[in-house]
Each structure stands twice: as structure tokens, then as C-alpha cells.
Amino acid sequence: MRRLLALLLGLSVAGLPVVVSADIANFDLAGRLYTKWLYRNNDSQGVLTYGNPFWPDDIAGDNGVGTEFELKIFGRASRYVEGYARIQSRFGEMWQDWWESGERKYGGDVNTSGDSLGLNRASYIKLRGTWVRAVIPFASWWSNTVTIGSSDLGMFNPWTIGKVRYIDRDNGKGIFIGGIFGDGIVSYDLAMVALPKLYVGPWWSTGIGDPSLTRPFYSQDWAYGAKITVAPDWGTFTAISTLTNDVEIDMTDPDAVGSLYITCQDDLGNPIQGCEKDHAVDYFSRYMNSVTTLEMQLDPLDWFSANALYGVAVGRLDKQITANGVAQNQGVSPVAYKDTTDLAIRHRIELADPLDIGLSFQFEYFYIGEDWNSIFASRRESDVLLTDGLVEGGQLPTLNLANEFIDFDEDFVESCIGWHGNTAKALFAWEALDLDVEGTYIQYNTNAQNRDVDETYPDFLHSEGYTDTDLYDYANTTDRGRDPRSVYRRNQDRETVVAVVNIRYVFDVLEGLELAGKGKFIWDRDYRSHTSVEDDYTGQIWKARLKMGLGIIDGLKVEVGGQFDWWDEENRKGTLEQGYGDDRTWKAKAFWGLTYNYEGLKFRYYMEYLHKDQARERDVDQLWSVFRSKASLEVNW
Amino acid sequence: MRGDVHRLRSAAYRRLTVWANVGAVLAFTGCGLEGPIINAGTRDKSTLLPDAADNVVIGAVEGAPDGTVVKAYQASGKPFGGISGVVAGSTFEVRFPGNTLYTGVRLEARWSGGQALALVPLLPRQKSVLDPENLVDLAQEAPGMSPLSATSTAFTLILWGKVLSEGKGAASLSPGVIRQSAALLTAQLTGHNAEVVGFVDMVRSLLSGAGDGGLYPFPGLLEEGGGVGDLVDADFLAAHAPGTDTEAFEQALLAAAAEVDVAVCLAGDRIRVVFLCDMGPGAMDGNCNEADPFKWAIDDPDKTIYFTGGIHETTPVCGKDIQPPACLDQATIDAANQVLGNWSPNMVKMFDDGTRGDGVKGDGLYTLALELPYFPPGSLATGGRGVRIGYKYSWGLPADGWTGTEEWPGNQRLMELADLNGDGMVTRADVFGDEASNKDKANALSLGNGGCGPNYWENEIQAGCAHDTRENRVDPDGGCQPDTWPQPGSASPITVDCPM
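### Observations regarding the overall build of chain B
A tally of helices and strands in chain B yields nine helices and 14 strands. In terms of overall size, chain B is more extended than a compact globule, its C-alpha atoms giving a radius of gyration of 30 Å where 500 residues would be expected to give roughly 23 Å. Its C-alpha atoms put chain B at 130 × 65 × 45 Å along the principal axes. Here chain B holds 500 residues, and the buried ones make up 50% of them. Taking the intrachain contacts of chain B between residues at least 6 apart in sequence as the baseline, contacts between residues at least 24 apart amount to 69%. For chain B, the exposed area adds up to about 22,200 Å²; of that, 54% sits on carbon and sulfur atoms. Of the charged side chains in chain B, 35 are positive and 62 negative; the average position of the first set lies 15 Å away from that of the second.

And the structure:
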């Protein structure tokens, strides 16, 4: 008995700490609190400048403050298997909402009860993303990682399946296999991704909302991707091929609910040959988009590198089960209403300080066919071209851009479908000075006369005028210029020159005084219809920005600056029938802000005053006088 | 050394096995690959087929200017919604859906200074959806009815008046009768038959004043219960033909009609059964309250009304105790069950598009016209039972299930086939979701309206209890008193050639 007690005591003393420490070691938690303030001298309420342009959301607005909480949980089941889950509160509740419960008891009526605004305004906690990851070392020279669950889809490239925007970072789910041969010379990725019901397809959906479908079927819609990379010492070769496949029910199948032929009889009641109920329902592809790229990166010398990317994009659309979004949705559609096939080419050469004087050069040739479209490409937060472009947020080879769910201080992206041209950049770095100069010439594969924008090519309704991304509105009630997705016009004969200079110098004052300037000039000529010279467009867009940032103490930095825009646009807007008008736009922006990092706390404040004066020949002039600010406080632990 | 190699190979083999199994599981259990593979291997051969091409009636109108509208009326009297033609160069064409058989369609053209009627004997249903448009030349189909003129108008009125005088509806005119009668009247006209010539002259005389003061001699639409005298407008006669009154017109018409024999022979063992289901707003239930169609069913803009049912178990079945004709044999019951949908929900579609027996497109009154086996109830051998049907409506998508689509769970509607109004058809008018009409068990007919709970067949009537199991009257005036037989859409009785 004494031996037994001693054994139990020994086991409890020896075993307990081992078990406890093993549990703790297998867990890892990461938390984050994020608060955002928005202010603008207008009367809209919410905590997001640009919400969803289609679905009415209840969080967008210019005045509000809201907080979100995020908790990431990492777990290790064994040496080879890990798990992850992220739970996060819904963003959108304003501090003034106080006690909102998530109920919506009164329909759409907002009242002072705690039960009228719904879940978006109740900061409910939701499971946002999960994955399970297993490492399977097949051999010493070959290992695989299988991830099942969430991914930001960053393993491919912006041309094919693009990395999803930050707010969607855990929404993409699928099965992902990554493998490496040898010392990493050969690697590969395979992915099967559940297509989002919302945006990957005609009508920005995989069927839901398409007027031609009575019973959209989206639970078997997948994208498939394969990537192989071969990376010897002197370069990298990457081949990526992706396919998105939106399937719908075969409505001629008598087994399908909603079938046209449930009794296998035609309009006259006659039996249909080949039609038989077998209690198995067939599918058809409503829309398929396959994009393949081959990219070669060659680094033969320390100062010389070359990159070539070749791509082919194929779109296949079944018109019987896809309504015409061009004809029926005012030309607002993420796909052309036809089968498409086209190519993209990008050549890039970089000379990194070849003369050893701090002077580098970059050259790029780009060609993106008029029918190129990549439906699952990056929608924002990415850039495929070297140029600064017409807007500053980047150029992406898709009509499926997402200039939404962003605030006024975030950049817009634009579609570069049809772009064909060259960019040359010179970059000079000398001590604390950075200087770069860019020149880009663009002509357009989308130049055409009498293009069918009624039935085939989407023109996004508003195609004229330089885009004002400072004061954008989706419905274009304020004459904000061209939609960044509007690459097709009925008549276009256009060429564009972009010239940019950036300069930055850091003075050794306190924690560093940074002076930065940017100048940009865009010359944009579009002869439009060849039947008349009265519609010829010439835009001269001048932009100049100067900014000063000063680090006062460690972690605290202030900035102040200003920007001036002068847009001189002849025949900016109008029609062939009623004529065009010359418009002039003058904008001035003054801004200031500070950032403060303290022991894991990150605070940022930014405020700007924007004055815009738009003189329009054919319409009344417009004036904007806008104060707006954004602040954020973030703590991670 | 050999042992190390063996261990390495074993380890590699185990990993390969694990990896192959993981791959196989991933590939075939939800990663999106199995669907396309299985779908490709099991695809049916169903194909999308076109709808049947139209039947196109072509003809001419005597004296009508270009632009004159040619209206079409169903044999039952109602105008076709959305079906008409326009005279151009004295000819016209009127398009009818090719998926529906029409008989006795009446055409009418009106213009300032004229009016003309004609009957189209038959517009057959197309044989194949791949067939081209079927051109029906009225001059060949019924020579006496083309061109539309005073003569065709007189012939139309004679036939119309003839069946009215015999207490039948115009829908009972079979195509053969129309063709033969038109040919006979043409022969009598050319043979100077006094009655026919006299009536044609009277019509021609009346037509000379057509359009004056906005009045026309002959009504396009005959009111419910109208007789021969109502085939002429009394106001027109008073204004333009003071020497002629309705009695004189009726007398002349019937005298001419006596020269033709309009025999109507109905099929004895089959009957046209028309189900009308009202889904329109404001439809009233059996208690004269507004019906709630979505008490059980769930609405959806893509849904439509379906019918399903079967021969009721109390229908007499031919056997040793009961002999034909007052019974149905098993094969006939099986075939009828198939026609009725055999209690599979959302398979037999009803129509509100003006085709397949539906009267007016988009009026919220859905129609299903069927041909069902029939014998008149009342036989002593069967205890008075006739052919009985249990049925129910559903509001669903094609091939949908019961949940969220049926009028109500559990119970069924009852109907015994009996032609109570003598029109050669059985027409049952229901309101979707009406639990106070012919619902069998938990019937919601109020006590004040005679409701006792269950609904009883005619031979099981309980004293003091209302019952509703046969073709029924409707209440178009909203007086809470069903007093009018419903129009059976564009459906016609099943007629056969009369025995010689």
C-alpha cells in the first residue's frame, strides 16, 4: 500500500506539469483592437467612406467611430499538424449605437430601442476564418503542405487568381497543396477554391441575381489553380494556370427542380427523345474563365535583370443561362457578353545602378488584349504595371475591380485591359536623396469605331472625363468622371502620355525631416468618332504635391502638405448628337497628420481640406469645400 | 546497411500510402473535383427544344380599310387577350399559339362604315415543336367564311343563333359542323333559298349603317345568358333600322337556321374537365372571406400553380359486382391517374397565359383542361357514384416537393364528374388555399354556411351539412351567392362525329 501511494504521488508530481505545459505550448493567441474615426463636414453617418455600390449597406458614411476586436487562435496538434481560427467582431457599430442587440424588430425603421439596427451594428463576434494545415514530408527531398480552409489566395499572381483584398483575407476557402522538391529549386501549388457567390462571374455572381436563372446553383462552383516554379540560381520560371467554373443546373433535365421538362414532354406534350428521369441532376457551365501565365525572371548579372510574362485569358459564357448584363444592366457588367480569348505580354528590364553612381533604369513593354479579362484576378491592393498610371492605386487586368469598402485616403485602382505601351523610369539615389522620373506612352487595343456597347461590351455607363478619385461617387451624381473600369467605348481612338517625377529628401533634423514632392502630367487624346472632329477629346491633367514629414521623438511623426490639380479637358463630356463641352477643374488640397507608436499602440490621424472648382461649359459650375479626417487606433498583443 | 535501406523504403512506402489516401480523399470528398467528373459521366441527353410555332389564320375583309383591327373571340365568347390582326391591303393575319387546339374561333372586324364576322372551324395543335408555322387559309378552311363580309357575318350569326336556340353554347359547334354548315348555307344562298337570302339581305342592310354614332349592329361579346335576340344590338336597330326590331331579327335568323342541321354529338365515355384556380388578389373563399393563398404555401416570384391528384378510391371499379359503363377498369384508372399527376406535386402545370384552355392571359385565373373518363353518376348499381377525383393545387417550381408549395397539408379536394349545366364539360372553379370549399376532412366552411367539418360526397350527404363535390357556380358580382356557371376558358367539349 505504501508503495502504491508513493507511485501515485510520484506520477502526479511528475506527470501534472508535463500535461499542463504541453497544452500551453500547443496554443498561441493573438489579439487586436482597432478603432477608426471618420469625420467630414457633411450629413452622412457611418464609418466607411465608400461602401458597397450595389447592396445597400448600413455601415457606410462619413461621420462615425467604431471599434472591432479580433482574436486569432493557433493550435498545434502535433509536429506536423496545425490549426487556426480567427474570430472577429463585425465592424460597423458606431459608439453612439450603445446597446444595439442585433435585433431588427421594426423592419427598416430606426428607433431608440436597442433592437432596430440589426447585427451589422451590434459588433457580434463571428468565426471569420479557419484552417488546418498538415505537413507531409514524403521524402527528405520532397515535402508537402496541405492546407484545408481559409487562404488569402496569395500563392498565384494578380493576373490569374489574385490575392484577395485585406478585408477578405480569410473569406476564401478551399484546399491548398504546396510542395517543394529538393532545395526549393522546384516548387508547386495546387488549389481548389470555393468560388465566392458574390463577384466571380457575370452579374457579379455565380448565378444569384442573374435574371435568366430561376434557381441559381452555386454550391458546386469552384476555381482550380496550379502553379509550378523552377528557380535555378540565375532566374525563376513560373507557370500558373487557373480555371473558374460556375456551374448551373441543366434545366432540361427532368430531375431538376424547376426543369422545363419535368414530364419529359415538349411544348406540345410530345415525348422528348433522350429525356429520362434518373434522379440525377446534370450541370452546365454558366461561365468559365481560364487564365494561364508564364513568367520568367532572369538575373544573369548583379545589375541586370529581365522579366517576361505571357498570358492567355479565355472566357466562355453560356448565353442560354446567362442574361446579358450589358444590355440589361446599363452597360455595367464585369464581363463582355460573348466568348473571349486574348493575350497579355509584359516585358520588363531593370538596370540596377549599372554605372555605380546611384542611377538605375527600368523599362517595360506591356500589351493587354482588348478581350482579356481575368474574373478572379486581384481586385485591388495590387499592381501589374510599372507606370503610375492615370490613378495612383495600381493597374489590374480585370473588369472586376473593387474600389469599394475603402476610405477616402485609400487609392483607387484602374483596369488596364486593352493597354498597349511602354514605360521608362530612371531612379536616382544619392545619400538622402531619392529621385525618380517616369515616362509612359499608352495606346489602346480597345480603340475601335462603332463598338457594340449596347449588347456586347460593357462601358460602365460613364466613360468620359478624367476620374476624380478624391470625390468619387458610384452613381456619378456629381460628374466625377470616368469609371475606372470603363475600358470600352463606342468610338475611341485614344493615346495617353503619363509623365511623373518623384523626389524625396531626408534632412537630419530631430528624428528626420522628410521632404517629398510629386509632379504628374497626363496628356490624354481621344479622337473618338472618326465621323466628326467636334468630339475630339484632349485632356491635360497637371498634379503637384508637396509633403513634409518630421519625426519629433521616437514613435511620433507629424506631416503637412498640399496638392494642386489643374485639369484642362476639351470636349470632356457630351454626345455626338448634342455636342461636347470644354471643362476646367481646379483642385487644391491641404493636409496634415501625425502618427504615434507607443509600446504596441499605433495611432494615426489625418485631416485634409479639399477645394474643387469645376467649370463646365455645357452645365452649371460646381464647387466643393470639404474638410474630412480619419483617425485610427490599433493595439496588437 | 541493407536494414537501413529497408527501413527507409518502408517509411517512404508508408508516407506514399498516407499521401495517396489523403489525395484520394481530398479529390473525391468535397474539393470540387468529383462533381464535374461524375457530371460528365452521367449526363442525360436532354436538349432545349423550341416552343411550338404559331398557327396563322390568313384571310381578307371585304371593304375594310387598312389598319382595321381583326379581333379574335374564343368559342366560349371571351376575347383572346393579346391575339388580333390588322388589315393591310384588304388581307390580314392573326397568330394563335401552336400548342393549343382551338375550335369555333370567331373573328370580328369593325371599322367606320362596316363590320364583319366569321368562324374559323379548327386551329389544330401543331404536331411537332420542330414544325414551321401552320398557315390556315380561311378561304380554303371554310369557303363560306371568307372573305369576312356580310355573307360570312350572316352565316356566323345563323350558326351562333342555332346553338343558342337549342340551349347550347357556341363552344359545342364542332369543326365539321361549321364547315358543313358554311358549305350548305353557301349552296342555299346561290340556290336562292328564300330564308337564307332574306337573312343575308337583312344583315347586309344592317351593316350599311355600322359605325354610325359609334354603334354596330352585332355585339362582339355576348352577355352571360344571352339569347338569339341578343345577337343584334337593340340600340342600333332603334337608331338605324326603325323598321326592324329584335323579334323580327330573331325570326329571320331562326328561319334561316332551320335550313341547316347543327348536330352536336358529345363523346359518351370521356368528358372535358376544366379546373380553374383563382390566385388573383381579393379572391373569396367559401365563407365569402378573402382567401389567404399563403397560409401554408410560401410565395416566390418564379412559382406558378400546379395541379395534382388521382382517381378517388370511391370511384366504382369494374369487377364482378359492377359492370360497364357505370365503372372504370383498372387500365383506365391508371391512365387517368397519369393525366391527373398521380399525386406527385408540381408536375402538372396550370396555365394563365391564354393557351391550353386558359381564357385570359395574366388574369390570375389558372386553367387546366383535361380529358378524363366519364360516365354520368346516378346509377343504382353504383349507389349513385360517378367518376370521382381527389386533387390539390400547389404553388411551386417544376418538380418541387410538397413543403411550402401545397395549399394545405394532409387533406384533398373532392370532385365527382357531373355535367350539371349541360355544356358538355365539367368546370370546377376554385380559389387557391380555400379550405371552405371542397376540402375533404378538415373543411373550414363555417357553421353559418352549413359547415359540419368533413365534406361529403353526393351519396353520403348528411342532413344539415353543406357539401361541395361537383362542378360549381361562381360569384362574379361579389354578392356572396354563387349564381353563375364559370366560363371554361377556351376549352371546348369533346365532340365526335354524329352517327349517320
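### Some points on the overall build of chain A
Counting its regular elements, chain A contains two helices and 24 strands. Taken against the 2.2 N^0.38 rule, which gives 26 Å for 637 residues, the C-alpha radius of gyration of chain A at 28 Å falls within 12% of a compact globule. With respect to the principal axes defined by its C-alpha atoms, chain A has extents near 105 × 90 × 70 Å. Expressed as a percentage of its 637 residues, the buried residues of chain A come to 50%. If you take every contact in chain A between residues at least 6 apart in sequence, the share linking residues at least 24 apart comes to 62%. Within chain A, the 95 negative side-chain charges are centred at a point lying 5 Å from the centre of the 61 positive side-chain charges.

### Section: helix α5 (residues 175-190) of chain B
One turn of an α-helix holds 3.6 residues; hence residues three or four places apart share an orientation. Residue and element names in this part refer to chain B. The terminal C-alpha atoms of α5 lie 23 Å apart, and with 16 residues this matches the ideal 22 Å at 1.5 Å per residue to within 8%. Among the residues of α5, P175, V177, I178, S181, A182, L185 and Q188 are the ones counted as buried. All buried residues of α5 fall inside an arc of 160° around its axis, so they share one side. α5 presents Q180 and T190 as exposed residues on the side facing more than 90 degrees away from its buried surface. Among the structural elements, β5 (102-111), β6 (114-123), α4 (150-165) and α6 (194-207) are those in contact with the buried residues of α5. Among the residues trailing α5, H192 stands out with phi positive, at a value near 60°.

### What to know about the interface of chain B and chain A
At the interface, 37 residues of chain B touch 45 residues of chain A. Both faces considered, chain B and chain A share a buried interface measuring about 3,400 Å² in area, 61% of it formed by carbon and sulfur atoms. Where chain B touches chain A, the interface holds one salt bridge. At the boundary of chain B with chain A, the tally comes to eight residue pairs in polar contact (both at pLDDT 80 or more). Those elements giving two or more residues to the side of chain B that touches chain A turn out to be α1 (2-28) and α2 (34-42) of chain B. The element best represented in the side of chain B that touches chain A is α1 of chain B, accounting for five residues. When the residues that make up the side of chain B that touches chain A are grouped by side-chain class, the tally is 16 nonpolar, 11 polar and 10 charged.

### Remarks on the sheet that holds strand β4 (residues 91-96) of chain B
All names here are of chain B. The strand order across the open sheet built from three strands is β4-β1-β7, with neighbouring strands paired in mixed fashion. Edge positions in the sheet fall to β4 and β7 (134-137), since each of these pairs with one other strand and no more. In this sheet, adjacent strand axes meet at a mean angle of 25° when their direction is disregarded. When strand β1 (residues 55-60) meets β4, the two strands line up antiparallel, connected through six bridges.

### Notes on the packing of α4 of chain B against helix α8 (residues 246-257) of chain B
Two measures define how a pair of helices packs: the angle their axes make with one another and the distance between the axes. All names here are of chain B. At a closest axis distance of 9 Å, the pairing of α4 and α8 adopts a crossing angle of 95°. By the angle class used here, α4 and α8 are roughly perpendicular. For the pair α4 and α8, the contacting residues are L157, I158, G161, K162 and S165 in the first and F249, L253, L254, A256 and A257 in the second. Counted by class, the contact of α4 with α8 contains seven nonpolar, two polar and one charged residues.

### Description of the packing of α4 of chain B against α5 of chain B
Residues and elements named next belong to chain B. The N-to-C vectors of α4 and α5 enclose an angle of 125°; their axes lie 10 Å apart at closest approach. Comparing the axis directions of α4 and α5 gives the class oblique. Of the two elements, α4 crosses α5, and the hand of that crossing is right-handed. Side by side, α4 and α5 meet where T151, F155, I158 and L159 of the first sit next to I178, S181, A182, L185, T186 and L189 of the second. When the residues that make up the contact of α4 with α5 are grouped by side-chain class, the tally is seven nonpolar, three polar and no charged.

### Structural notes on the domain arrangement of chain B
Residues and elements named next belong to chain B. We note that the domain assignment places domain 1 (55-257) and domain 2 (270-460) within chain B. Computed from C-alpha coordinates alone, the two centres of domain 1 and domain 2 are separated by 35 Å. Across the boundary between the two partners, domain 1 contributes seven residues, which contact seven residues of domain 2. Together, the buried faces of domain 1 and domain 2 total about 600 Å²; carbon and sulfur atoms form 48% of this surface. For the pair domain 1 and domain 2, the interface holds zero salt bridges. Linking domain 1 with domain 2 are three residue pairs in polar contact (both at pLDDT 80 or more), by the criterion used here. Across the side of domain 1 that touches domain 2, the residue classes break down as three nonpolar, three polar and one charged.

### What to know about the pairing of strand β9 (residues 235-249) of chain A
All names here are of chain A. Both strand β8 (residues 222-230) and β9 contribute to a ladder of nine bridges, which runs antiparallel. Bridged to G225 within β9 is T242. Linking two consecutive strands that pair antiparallel, namely β8 and β9, is a turn of four residues. Pairing between β9 and strand β10 (residues 283-301): 15 bridges, direction antiparallel. Bridge pairing in β10 places I249 opposite Y283.

### Let's talk about the packing of aromatic side chains
Applying the stated rule across the entire model yields 41 aromatic pairs over all chains. Their ring planes at 75° and their centres at 5.7 Å tell us that W98 of chain A and W99 of chain A sit as a pair that is edge-to-face. For the pair W98 of chain A and W99 of chain A, one class covers both residues: exposed. Of the aromatic side chains, those joined through ring pairs into one cluster are Y50, F412, Y472 and Y474 of chain A. Positioned above the aromatic ring of Y73 of chain B is the side chain of R106 of chain B, whose terminal nitrogen or guanidinium carbon lies 4.5 Å from the ring centre.

### Description of the confidence of the model for chain B
Looking at chain B as a whole, the pLDDT averages 89, with 93% of positions reaching at least 70. Note on the complex model: pTM 0.82, ipTM 0.80.

### Quick notes on the pairing of β10 of chain A
Judged from the 13 bridges that link them, β10 of chain A and strand β11 (residues 304-317) of chain A form a sheet pairing that is antiparallel. In the sheet register, E295 of chain A faces β11 of chain A, and the bridge partner there is L309 of chain A.

### Re the sheet that holds β6 of chain B
The strands making up a sheet are joined through hydrogen bonds of the backbone, oriented either antiparallel or parallel. Residues and elements named next belong to chain B. The four strands lie next to each other as β3-β2-β5-β6, forming an open sheet whose pairing is antiparallel. Across the chains shown, the open sheet's two edge strands, defined by having one partner strand only, are β3 (79-86) and β6. Shown here is a sheet whose adjacent strand axes are inclined to one another by a mean of 25°, direction ignored. Here β5 pairs with β6 via nine bridges, running antiparallel. Within β6, the position partnered with L107 by the bridge is A118. The strands touched by α4 are β5 and β6; relative to β6, the strand with the most contacts, the crossing angle is about 60°.

### Side note on the pattern of salt bridges
Residue and element names in this part refer to chain A. Under the defined criterion, the tally for this structure stands at 74 salt bridges over all chains. The salt bridge partner of R572 is E569, with a shortest N-O separation of 3.3 Å. On the accessibility criterion, R572 (2% relative accessible area) is buried. The residue K589 makes a salt bridge to E608 at a minimum N-O spacing of 3.8 Å. Highlighted residues: K589 in strand β22 (residues 579-598) and E608 in strand β23 (residues 601-616), separated in sequence by 19 residues. For the pair K589 and E608, a shared accessibility class is recorded, and that class is buried. The structure contains a network of salt bridges with shared partners spanning R32, E68, E70, K72, R86, R169, D170 and E634.

How each quantity is defined
- Residues numbered from 1 in each chain as written.
- Chains lettered and ligands numbered in written order.
- Predicted model: local features only at pLDDT ≥ 70, side-chain atom pairs only at ≥ 80, totals over all residues.
- Heavy atoms only, no water.
- Helix = DSSP H or I, 4+ residues; strand = E, 2+ residues; numbered from the N terminus.
- Rg over C-alpha atoms; globule rule 2.2 N^0.38 Å.
- Buried < 20%, exposed > 50% of the residue type's maximum accessible area, 1.4 Å probe, protein only.
- Contact = heavy atoms within 4.5 Å.
- Areas by Shrake-Rupley, 256 points an atom, 1.4 Å probe, with all protein chains shown as cover.
- Lys, Arg positive; Asp, Glu negative; His and termini not counted.
- Charge placed at Lys NZ, Arg CZ, Asp CG, Glu CD.
- Expected span 1.5 Å × (residues − 1).
- Arc of directions from axis to C-beta.
- Buried area = accessible area lost by both parts, 1.4 Å probe.
- Salt bridge = Lys/Arg side-chain N within 4 Å of Asp/Glu carboxyl O.
- Polar contact = N/O pair within 3.5 Å; in protein donor to acceptor, adjacent residues only side chain to side chain.
- Nonpolar A, V, L, I, M, F, W, Y, C, P; charged D, E, K, R; others polar.
- Pairing = 2+ DSSP bridges.
- Axes fitted to C-alpha atoms, helices over the stretch in contact; angles between N-to-C directions.
- Parallel < 35°, antiparallel > 145°, perpendicular 65-115°, else oblique.
- Left-handed = near helix turned anticlockwise from the far one by under 90°.
- Domains from an automatic or database assignment.
- Phe/Tyr/Trp six-rings, centres within 6.5 Å; stacked < 30°, edge-to-face > 60°.
- Lys NZ or Arg CZ within 6 Å of the ring centre and 35° of its normal.
- pLDDT = per-residue confidence, 0-100.

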